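# Coordinate analysis (summary)
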Amino acid sequence: MKEKKVVGNTIMLYIMTIAKLIFPLLTLPYLTRILTEETYGFVSYVKSCMTYIQLIVDFGFILSSVKDIVKANDDNEKIGIITGNTFLSKFFLSILSGLVLVVMCFTIKILQMNILYVILSFVAVVSSLFLADFLFRGIEKMQYITLIYVVSKGISVVLTFVFVNGDSSLLWVPVLDILTNVVAIVITFIILKQLKIKVKISNIKDCLLMIKDSFFYFLSSVATTAFSALNTLLIGIFITDLTQIAYWSLCLNIVTAIQGLYAPICNGIYPHMIKKKDLTFIHKVLVVFMPIVLCGCVLCFFLSSTALKIVGGEKYIAAYVLFRWMIPILFFSFPAQVYGWPTLGSIGKVKETTLSTVIAAVAQVLGLVILICTNRFTLINLALLRGITEFILMAVRMFITYKNKADFVMEKINE
């Protein structure tokens, strides 16, 4: 019965993931065609910067608060307090993230090209603090996350085609992100009312403790970001060519979209693994999905130029070689994700999971330093480095899992 619930939640998350794949595939080709390469490069660069801001605001609550809500055992009063404290904690962190953004604007010249766009993008990030994805994941009601996303993003996609028609209407991009979040927040609180969950705040001390407890989850998220957003930031600093940033960002967007197909599996099995701690279940997942991942990687290699032409247009076909060098990321990232929070997190190995990410991130940073010092900081070398660090992440997590094998339950596979 529990496995059926996991399957149901995974299906709902997959519907949302398909929506996350379809919506960008509708807007991304449109934006790459109506915006110049330089403007699209700027938009992508700001988005990478906002990734760091979003990390500070979220601070790992998507994992720590989910765990707290699961442990609340369907007690709506406790769930309401956890939700309220999470919201307040995010508000405090939003203030901190604003200070970080000010420093970034003073030190990164590309951000100074359009300060208003940067500010509106920041407002869009901060407005997301009232989204309660962590709550719905914790109570295993993934259909609500899907509903909220599809409705709000659907509105945003339609309005993008209406209002964004060139470089001159660029500001509509973050404005529509803000509108999307407002719609999502309204739907969220309507659902909370129907579920009879009242959002409450206990006290500031509990919020500070919540931030402290979520630190290792946050550290893991920051380390993970070193694999993607950090590369884009450094491209803007050491290469400074907005066209190169556009190439890198488009290829990375495609890779990220494909990786997004992995997320529903990991998110779907996470609550189940917290309760069951069944390592055999993880083995089943890998046996079923790894052949599919391999076939997908082969297709990506042979269809790389076609994919770039469809998504970005003729002017982005030249980036197909770069995209091919990113394909190993896709292969290694699935087992790396599965052996992460769904596996190690389920037995309380928070520090170990974070350590695995930090080790891979350190390898990434060292690799970046070597590339910069040897004057080999190129897009191809960056893609190669990302594949290596993804392999390191996978290998370390597999080692930690089997080192702590005794902490799992090994159920017999049904014949």
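To keep things clear, this report deals only with the structure shown in the data block.

As a further point, take the state of the cysteines. Within this structure, the stated rule accounts for 0 disulfides. Free of any disulfide, Cys-300 has its nearest cysteine sulfur in Cys-297, 6.2 Å distant. Judged by relative accessible area, which is 15%, Cys-300 ranks as buried.

Right, let's talk about the packing of aromatic side chains for a bit. By the definition in use, this model includes 21 aromatic pairs. Taking the centre distance of 6.2 Å and the plane angle of 45 degrees together, the rings of Phe-59 and Phe-61 count as tilted. Here Phe-59 and Phe-61 have matching classes, each one buried.

Between the first and last C-alpha of helix α14 (residues 279-302) there are 35 Å, a value that for 24 residues agrees with the 34 Å anticipated at 1.5 Å per step. If you look at α14, its biggest bend is around 35 degrees, right at Phe-289, and the proline Pro-291 turns up within four residues after that. For α14, the full list of buried residues reads Leu-279, Thr-280, Phe-281, Ile-282, Val-285, Leu-286, Met-290, Val-293, Cys-297 and Cys-300.

Right, let's get into the environment of Lys-47. Here Lys-47 lies in helix α2 (residues 37-58). Spatially, the C-alpha atoms of Lys-47 and Arg-397 are 29 Å apart, while their sequence positions differ by 350 residues.

Turning our eyes to something else, we now look at the packing of helix α15 (residues 304-312) against helix α16 (residues 320-344). For the pair α15 and α16, interaxial distance at closest approach is 9 Å and the crossing angle is 115 degrees. Seen along the crossing, α15 lies across α16 with a hand that is right-handed. When α15 is examined against α16, the residues Ser-304, Ser-305 and Leu-308 are found in contact with a partner set consisting of Tyr-320, Phe-323 and Arg-324.

Moving on, we come to the packing of helix α3 (residues 61-71) against helix α13 (residues 263-276). Relative to each other, α3 and α13 sit at 50 degrees, their axes nearing to 11 Å. Taken together, the axis directions place α3 and α13 in an arrangement best described as oblique. In the crossing of α3 with α13, the sense of the turn from one axis to the other is right-handed. In contact with Leu-63, Val-66, Lys-67 and Val-70 of α3, α13 contributes Tyr-270, Ile-274 and Lys-275. Across the contact of α3 with α13, the residue classes break down as 5 nonpolar, no polar and 2 charged.

Throughout the structure, instances matching the rule amount to 4 salt bridges. The partner of Lys-349 in a salt bridge is Asp-407, with the nearest N and O atoms 3.7 Å apart. Of this pair, Lys-349 sits in the loop between α16 and α17 (350-373) while Asp-407 sits in the segment after α18 (379-403), and the two are 58 residues apart along the sequence. The class of Lys-349 is buried, set by a relative accessible area of 17%. Its relative accessible area of 38% is what places Asp-407 among the partly exposed residues.

Calculation rules
Residues numbered from 1 in each chain as written. Predicted model: local features only at pLDDT ≥ 70, side-chain atom pairs only at ≥ 80, totals over all residues. Heavy atoms only, no water. Disulfide = S-S within 2.5 Å. Buried < 20%, exposed > 50% of the residue type's maximum accessible area, 1.4 Å probe, protein only. Phe/Tyr/Trp six-rings, centres within 6.5 Å; stacked < 30°, edge-to-face > 60°. Helix = DSSP H or I, 4+ residues; strand = E, 2+ residues; numbered from the N terminus. Expected span 1.5 Å × (residues − 1). Bend = angle between axes of the 7 residues up to and from the residue. Axes fitted to C-alpha atoms, helices over the stretch in contact; angles between N-to-C directions. Left-handed = near helix turned anticlockwise from the far one by under 90°. Contact = heavy atoms within 4.5 Å. Parallel < 35°, antiparallel > 145°, perpendicular 65-115°, else oblique. Nonpolar A, V, L, I, M, F, W, Y, C, P; charged D, E, K, R; others polar. Salt bridge = Lys/Arg side-chain N within 4 Å of Asp/Glu carboxyl O.

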